Amino acid sequence: MDTTKFVLILASQGVDFLLAPEGKVPLTRLDGRRVCLFFSANWCRPCRTFVPQLVQLYESLRTKGKELEIVFVSFDQDENRFNQHFHCMPWLAVPFNETLLKNLRDSYQVDRIPSLIPLSSDGIPVEEDLIGLIEDYGAEAYPFTWKRREELKAADDAKRRGVKLEELLSHEDRDYVVSRDSGKVPISQLVGKTIGLYFGAHWCPPCRTFTLQLVEAYNELISNGAQSFEVILVSTDRDQKEFDLNLSSMPWLAIPFEDRTRQDLCRIFNIKAIPELALIGPDGKTITTKGKNMISLYGAKSFPFTESRIAEIETSLKKEGDALPQQVKDTKHEHTLKLDMAKAYLCDSCKKQGRFWAFSCDLCDYDLHPSCLELKET
């Protein structure tokens, strides 16, 4: 580890020790360890949010015997705030000295916080921060080298293309998913099924709307004997209570809220917005990461969600539409009705839900099932 530059900067201010939770420690504490400088401040909300994640990584790696050391370099403006922030950290810190801290910030060209910079000749260059890497991969990011970054990206790509379901959904000692009644369903029982990974949250209004559509499609498939289909909630809820409320409205399974696999799956499938539905085929290969559009457009008819199935649906719908008149006069409505395609609507005649083709009025909110049409005599 290249700590020479760091030690020389400290020496320039007559500092020959670091602070630890138990008190002062000599600089030799860094010998033989992979050292990272953590630039942070108590006034910085993203810093305060990131510290618990870094603590978890640090303690996990130390438990596994990894020779990692982190040194806190403060951006705080007074010693009291420095002490408040350092109190939350189990690692080392540079003593509060405004000139010394400024020299460190300038020497390592830190222009944003939080920043984590490895003092390593074989690691990620100084100008590349590790915060995002750790947020994405946690302790798996260690030892923070370019090689490790590329290994993790390659593993994500492989999982997205298709792996064993157990490898994708399990984590450490957990080999199950949960149901809304707190039951545990072994992942092995899901192998060979088409799986929908539903990324959503209760706080998100579009998610609550899509949940209703997905529940309708799911129940229709199950009632029609499609036991080879299952949905698994990958929650982005803000806390356990919200997660429990969300799952209580769903007839399917979920990744446990406390499990890091939720974040891993969002990263693997590149989920940038919710709701979304990633669909995995019986062979473990990803069918699509845009399953939401299929369910919204075609509901249960989409199953098994392949390109050929969607092509069949669209061909059938076109044929059905071609056989219908483009506009009609119905005995139940005063205006001319025009043929229209709708994701979902309520028929004003039979009061039942409709989908796809409808006869609609341009002048008022009136929709009619083609099967409810009663033509006026001319």
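Read on for a plain summary of the structure. In this text, all values refer to a predicted model and were calculated from it rather than measured experimentally.

## Some points on the environment of Cys361
Relative to the assigned elements, Cys361 resides in the loop between strand 16 (353-360) and strand 17 (367-368). Relative accessible area serves as the criterion here: at 9%, Cys361 is assigned to the buried category. Between the alpha carbons of Cys361 and Leu339 there is a distance of 9.0 Å; along the sequence they are 22 residues apart. Contacts of Cys361, omitting those with residues within four sequence positions, involve His333, His335, Thr336, Leu337 and Tyr366.

## Some thoughts on the sheet that holds strand 10 (residues 229-235)
What the 7 strands build is an open sheet, ordered 8-7-11-10-9-12-13; its pairing is mixed. Each edge of the open sheet is held by one strand with a lone partner, namely strand 8 (184-186) and strand 13 (286-288). By the bridge criterion, 2 bridges tie strand 7 (residues 176-179) to strand 11 (residues 253-254) in an arrangement that is antiparallel. Opposite Ser179, over in strand 11, you have Leu253 as the bridge partner. Together, strand 9 (194-200), strand 10 and strand 12 (276-280) form the strand contacts of helix 8 (residues 205-223), whose direction differs from that of strand 10 by roughly 160°.

## Comments concerning the packing of helix 8 against helix 11 (residues 291-298)
Contact geometry for helix 8 and helix 11: axes closest at 10 Å, N-to-C directions at 70°. Accordingly, the angle class assigned to the pair helix 8 and helix 11 is roughly perpendicular. On helix 11, the residues that touch Phe210, Gln213, Leu214 and Ala217 of helix 8 are Lys292, Ile295 and Ser296. Looking at the contact of helix 8 with helix 11 residue by residue, the classes come out as 4 nonpolar, 2 polar and 1 charged.

## A few points about the sheet that holds strand 15 (residues 336-346)
One open sheet accounts for 4 strands, arranged 14-15-16-17; its pairing is antiparallel. At either margin of the open sheet sits one strand with a lone partner, and together these are strand 14 (327-329) and strand 17. Across the face of the sheet, helix 11 comes into contact with strand 15 and strand 16 while running at roughly 60° to strand 16.

## Quick look at the pairing of strand 2 (residues 23-26)
Where strand 1 (residues 17-20) meets strand 2, 4 bridges bridge the pair, whose relative direction is antiparallel. Along strand 2, the bridge assignment pairs Ala20 with Gly23.

## Digging into helix 8
The terminal C-alpha atoms of helix 8, which comprises 19 residues, lie 27 Å apart, in line with the 27 Å expected from a rise of 1.5 Å per residue. Those residues of helix 8 lying buried are Cys207, Phe210, Thr211, Leu214, Val215, Ala217, Tyr218 and Leu221. In the core, the buried residues of helix 8 are packed alongside strand 9, strand 10, strand 12 and helix 11. After helix 8 finishes, the residue Gly225 shows a positive phi value of roughly 90°.

## Things to note about the nonpolar core
One finds Phe6, Leu18, Phe38, Phe39, Leu104 and Tyr108 to be the most contacted residues of the largest nonpolar core, which totals 58 residues. Looking at which element gives the most residues to this core, the answer is helix 2 (residues 45-63), with 8 residues. Beyond its immediate chain neighbours, meaning those up to four positions away, Leu104 contacts Phe6, Ile9, Leu10, Phe39, Val73 and Val94. If you look at the next biggest cluster of nonpolar residues, it comprises 45 residues, including Ala226, Tyr298, Ala342 and Trp357.

## Re the packing of helix 1 (residues 4-11) against helix 4 (residues 98-107)
At a closest axis distance of 9 Å, the pairing of helix 1 and helix 4 adopts a crossing angle of 150°. Between helix 1 and helix 4, the angle is such that the two are roughly antiparallel. As for how helix 1 packs across helix 4, the hand of that crossing is right-handed. Here helix 1 contributes Lys5, Phe6, Ile9 and Leu10 to the contact with helix 4, which in turn contributes Leu100, Asn103, Leu104 and Ser107. Within the contact of helix 1 with helix 4, the residues separate by chemical class into 5 nonpolar, 2 polar and 1 charged.

## Considerations on the pattern of salt bridges
Scanning the entire structure with this criterion turns up 19 salt bridges. The closest approach of N and O atoms between Asp322 and Lys318, which form a salt bridge, is 3.0 Å. Residue Asp322 and its partner Lys318 are both found in helix 12 (residues 307-322); the two are separated by 4 residues, about one turn of the helix. For the pair formed by Asp322 and Lys318, the shared burial category is exposed. Through salt bridges with shared partners, a single network forms among Arg33, Arg62, Glu67 and Glu69.

So, how was this worked out
Residues numbered from 1 in each chain as written. Predicted model: local features only at pLDDT ≥ 70, side-chain atom pairs only at ≥ 80, totals over all residues. Heavy atoms only, no water. Helix = DSSP H or I, 4+ residues; strand = E, 2+ residues; numbered from the N terminus. Buried < 20%, exposed > 50% of the residue type's maximum accessible area, 1.4 Å probe, protein only. Contact = heavy atoms within 4.5 Å. Pairing = 2+ DSSP bridges. Axes fitted to C-alpha atoms, helices over the stretch in contact; angles between N-to-C directions. Parallel < 35°, antiparallel > 145°, perpendicular 65-115°, else oblique. Nonpolar A, V, L, I, M, F, W, Y, C, P; charged D, E, K, R; others polar. Expected span 1.5 Å × (residues − 1). Core = buried A, V, L, I, M, F, W, Y, C linked by side-chain atoms within 4.5 Å. Left-handed = near helix turned anticlockwise from the far one by under 90°. Salt bridge = Lys/Arg side-chain N within 4 Å of Asp/Glu carboxyl O.

Function-wise, these values are silent; they only describe arrangement.
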